[in-house]
Amino acid sequence: MKRMIDDLLVFTRTRLGNALPIELAPQDMGRICRDAAEEVRAAYPDARIDVGLAGDLAGQWDGIRIAEMVVNLLINAVQHGAGSIRVEARGDGEQVTVAVSNEGNGIPRHALPTLFDPLTRVNPSPSPRGTAAGMGLGLYICRCIAHAHDGMIAVESAEAITTFTVCIPRQVRRRD
Ligand SMILES: Nc1ncnc2c1ncn2[C@@H]1O[C@H](COP(=O)(O)OP(=O)(O)O)[C@@H](O)[C@H]1O
Ligand SMILES: [Mg+2]
């Protein structure tokens, strides 16, 4: 319930044209990914989530928002995908990339261009896992979080593998 209300607050705020406010502090993307996987495993004990970490994963980010984004992507993989899930973080030069992938039927090509728009759901019927229907705000909020960090988020869905990739700079440019 708390998460749902927070999602709606972010939605109204960013729809009025304001960027999502973030609080930057030193973070370790490896720890964020491991903790996010642990949190989602606790909520979905059947989920198989592998974590892969490579390179320097330190950066200055809003740890709470980045964790929320990774958890959102993992929960989507559990709720909308099938089979095993992998979260991979890689630090490379000035960028850190996080990729969450899952097996399953994939996302139809026609749905990809609007997938990150608010209130978008490809298959509004309850999933085979019987999970409650979401509001279709999760990916919109993931994009708000990536953009607030000067980053980007993209999706690729082909041959039964769906991958969401977030790319953010280690250091967000100050806007003042
Ligand atoms: N990992 C995924 N695999 C397949 N479909 C996905 C995945 N993540 C998201 N989707 C599709 O994108 C839609 C929007 O996702 P999201 O914004 O998180 O909304 P919600 O999860 O509340 O439905 C989902 O309803 C689903 O159809
Ligand atoms: Mg979701």
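In what follows, the structure referred to is the one given above.
None of the values given here were measured: they were computed from a predicted structure.

**Q** So what's going on with helix α2 (residues 29-43)? Residues and values would help.
**A** One full turn of an α-helix is made of 3.6 residues, so residues set three or four places apart face in the same direction. Taking 1.5 Å of rise per residue, the 15 residues of α2 would be expected to cover 21 Å, and the 21 Å separating its terminal C-alpha atoms lies within 8% of that figure. Those residues of α2 lying buried are Met29, Gly30, Ile32, Cys33, Ala36, Ala37 and Val40. Across the axial projection of α2, the buried residues extend over an arc of 165°, all falling on one side. For α2, the N-terminal cap is Asp28; the gap from its side-chain oxygen to the backbone nitrogen of Gly30 is 2.8 Å.

**Q** Tell me about a nonpolar patch on the surface, residues and numbers included.
**A** A cluster of nonpolar side chains, namely Met1, Met4, Ile5 and Leu9, defines an oily patch on the protein surface of about 460 Å² accessible area. Within the fold, Met1 resides in the segment before α1 (2-15).

**Q** Hey, could you go over the nonpolar core for me, with residue numbers and the actual values?
**A** Judged by nonpolar contacts, the single largest core of 48 residues is most densely connected at Met29, Leu73 and Leu74. The set of elements that each furnish at least two residues to this core consists of α1, α2, α3 (63-80), β4 (82-92), β5 (95-103), α4 (138-148), β6 (152-158) and β7 (161-169). When residues no more than four places from it in sequence are discounted, the contact partners of Leu73 are Val100, Leu139, Cys142, Ile153, Phe164 and Val166.

**Q** Any details on the site of ligand 1? Residues and values, ideally.
**A** Asn76, His80, Asn102, Arg121 and Leu139 are the nearest of the 17 residues found near ligand 1. Within the side chain of Asn102, one N or O atom sits 2.8 Å away from a nitrogen atom of ligand 1. Between ligand 1 and the protein, one listed contact pairs an oxygen atom with a side-chain N or O atom of Arg121 at 2.7 Å. For ligand 1, whose free accessible area comes to 530 Å², the fraction covered by protein is 94%. Counting residues per element, the ones that place at least two in the shell around ligand 1 are α3 and α4. Among the elements that line the shell around ligand 1, the one with the most residues is α3, at 3 residues.

Cut-off values and rules
- Residues numbered from 1 in each chain as written.
- Chains lettered and ligands numbered in written order.
- Predicted model: local features only at pLDDT ≥ 70, side-chain atom pairs only at ≥ 80, totals over all residues.
- Heavy atoms only, no water.
- Helix = DSSP H or I, 4+ residues; strand = E, 2+ residues; numbered from the N terminus.
- Expected span 1.5 Å × (residues − 1).
- Buried < 20%, exposed > 50% of the residue type's maximum accessible area, 1.4 Å probe, protein only.
- Arc of directions from axis to C-beta.
- Polar contact = N/O pair within 3.5 Å; in protein donor to acceptor, adjacent residues only side chain to side chain.
- Patch = residues over 30% accessible without salt bridge, like charges linked within 9 Å, V, L, I, M, F, W, Y side chains within 5 Å.
- Areas by Shrake-Rupley, 256 points an atom, 1.4 Å probe, with all protein chains shown as cover.
- Salt bridge = Lys/Arg side-chain N within 4 Å of Asp/Glu carboxyl O.
- Core = buried A, V, L, I, M, F, W, Y, C linked by side-chain atoms within 4.5 Å.
- Contact = heavy atoms within 4.5 Å.
- Near = heavy atom within 4 Å.

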